[in-house]
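# Residue-level structural notes
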Amino acid sequence: MTDKTRPSNDQESYVHRYGGAATKQVFSGRTAEKHAAFFLPYLKPGMSLLDCGSGPGSITAGLAKAVSPGEVTGIEIEASQVELARENAAKLGLANIKFEQGSAYKLPYPDDQFDAVFSHAMLEHLREPVLVVKEMRRVLKPGGIVGIRCANMRMRLLAPSDETLDLAYEIYLKYRQHCGGNPAFGRECRTLLREAGFTETIGTASCDTWGTQQATQAFLPFLLDELTGSEIRKTAIEKGWADQTQMDKAVTAINEWGEHPDAIFALVWFEAVAWK
Ligand SMILES: C[S@@+](CC[C@H](N)C(=O)[O-])C[C@H]1O[C@@H](n2cnc3c(N)ncnc32)[C@H](O)[C@@H]1O
């Protein structure tokens, strides 16, 4: 993923595959009620809202319901995700939502435009997230609210675990870093807001869990893709993080985890809100 609007030293390559299980099995199933729970109490009907890195737009759709009849805009760098989000919103019959293609590093909006600006699961993928948060602040009206939520991939429970599974997960963290992101995101949420110019911030944390057999089986294609897909496999072998046999063993270990009757995956997320 390259973009001329980004700083020249910013060489991110997005870690998830757009057409893969990440979008289909995980991101499309996200909801504002769950994933923006920290932000919803501050939203009111009639507010204008911008969602940065809106992906397939399922959270954006929930935000649109919360501020209706206020207008919601989702901005997303990848054309296929913009298209998908538009299709999903049309299916829901939402009239107060639109999706645009563009980079959050250079938001195509004037200063002081939105009552609320939101971003979920994007900043932890970026090399220079503070530049994006400064942009988010720029387009926010004075008195407007910003809300961000980012996963800390290091703060997780994957159980029952074994050595192969743990090694596969460690390789995944290295890979995310290699792609430009920060897998240990956490305190950065409040720090980023402050560094971008916000003064009063509120930080919280919450957890996503997959802890039923139905949930872990549904999560399995995502985990297989993320931890053992072709790109990560190629990079891991090239970099000497693992060999072919270890990557094959990881596939078996992940499949066994997904089918285990006691399997659970839990992941900690950090959140922060602030006002301009
Ligand atoms: C992990 S997905 C999260 C999608 C959605 N917010 C959600 O939580 O379901 C991150 C999204 O941010 C998008 N993205 C990455 N860098 C971006 C940028 N500079 N500007 C806009 N979108 C970006 C990616 O294309 C991807 O769709």
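That block above? That's the structure.
The structure reproduced in this document is the subject of the present report. Just so it is clear, the structure is predicted and the values come from calculations on it, not from any experiment.

### Brief notes about the overall build of the protein chain
Looking only at helices and strands, the protein chain features 10 helices and seven strands. Seen along its three principal axes, the alpha-carbon backbone of the protein chain occupies a region of about 55 × 40 × 35 Å. Looking at the protein chain as a whole, 50% of its 276 residues are labelled buried. Put simply, of all contacts in the protein chain between residues at least 6 apart along the chain, 79% involve residues at least 24 apart. One way to put it: in the protein chain the 30 positive side-chain charges average out to a point 4 Å from where the 35 negative ones average out.

### Regarding the pattern of salt bridges
Counting across every chain of the model gives nine salt bridges. Among the salt bridges present, the one from Lys-141 reaches Asp-115, with a minimum N-O distance of 3.1 Å. With a gap of 26 residues between them, Lys-141 in strand S5 (residues 140-159) and Asp-115 in strand S4 (residues 114-120) connect regions that are remote in the sequence. Here Arg-154 and Glu-170 are joined by a salt bridge, their closest N and O atoms 3.8 Å apart. In this pair, Arg-154 sits in strand S5 while Glu-170 sits in helix H6 (residues 163-178), placing the two residues 16 residues apart along the sequence. In this structure, a network of salt bridges that share partners links the residues Asp-111, Glu-135 and Arg-138.

### Re the nonpolar core
In terms of nonpolar packing, the biggest core is built from 34 residues, with Tyr-169, Phe-219, Trp-257 and Phe-265 touching the most fellow members. Ranked by residue count, the leading element in this core is H6, at seven residues. The residues touching Trp-257, leaving out its near neighbours within four places in the chain, are Leu-158, Ala-159, Pro-160, Leu-165, Thr-216, Phe-219, Leu-223, Ala-263, Ile-264 and Phe-265. Core analysis: the next-biggest nonpolar cluster, separate from the first, contains 28 residues, Ile-75, Phe-185, Cys-189 and Phe-198 among them.

### Structural notes on the layout of surface pockets
Here the largest pocket is characterised by a volume of approximately 690 Å³. If you trace the largest pocket, you find 49 residues lining it, with Tyr-14, Phe-27, Arg-30, His-120 and Ala-121 closest to the centre. Put simply, the second largest pocket is a space of about 160 Å³. Taken together, 13 residues line the second largest pocket, and the ones lying closest to its centre are Val-15, His-16, Arg-17, Tyr-175 and Glu-231. Of all the secondary-structure elements, those providing two or more residues to the lining of the second largest pocket are helix H8 (213-228) and helix H9 (230-239). Among the elements that make up the lining of the second largest pocket, the one with the highest residue count is H9 (three residues). Across the lining of the second largest pocket, the residue classes tally to five nonpolar, four polar and four charged.

### Some points on the packing of H6 against helix H10 (residues 244-259)
As a packed pair, H6 and H10 sit with axes 8 Å apart at the nearest point and diverge in direction by 110°. Here H6 lies roughly perpendicular to H10, going by the angle between them. As for the relative orientation of H6 and H10, their crossing is left-handed in sense. The segment H6 lies against H10, with Thr-164, Leu-165, Leu-167, Ala-168 and Ile-171 engaging Gln-246, Met-247, Lys-249, Ala-250, Ala-253, Ile-254 and Trp-257. For the contact of H6 with H10, a count of residues per class yields nine nonpolar, two polar and one charged.

About the criteria used
Residues numbered from 1 in each chain as written. Predicted model: local features only at pLDDT ≥ 70, side-chain atom pairs only at ≥ 80, totals over all residues. Heavy atoms only, no water. Helix = DSSP H or I, 4+ residues; strand = E, 2+ residues; numbered from the N terminus. Buried < 20%, exposed > 50% of the residue type's maximum accessible area, 1.4 Å probe, protein only. Contact = heavy atoms within 4.5 Å. Lys, Arg positive; Asp, Glu negative; His and termini not counted. Charge placed at Lys NZ, Arg CZ, Asp CG, Glu CD. Salt bridge = Lys/Arg side-chain N within 4 Å of Asp/Glu carboxyl O. Core = buried A, V, L, I, M, F, W, Y, C linked by side-chain atoms within 4.5 Å. 1 Å grid on protein atoms, 1.4 Å probe; cavity = no way out; pocket = protein on both sides within 12 Å on 5 of 7 lines; lining within 4 Å. Points joined across faces, edges and corners; volume = space filled by probe spheres on them. Nonpolar A, V, L, I, M, F, W, Y, C, P; charged D, E, K, R; others polar. Axes fitted to C-alpha atoms, helices over the stretch in contact; angles between N-to-C directions. Parallel < 35°, antiparallel > 145°, perpendicular 65-115°, else oblique. Left-handed = near helix turned anticlockwise from the far one by under 90°.

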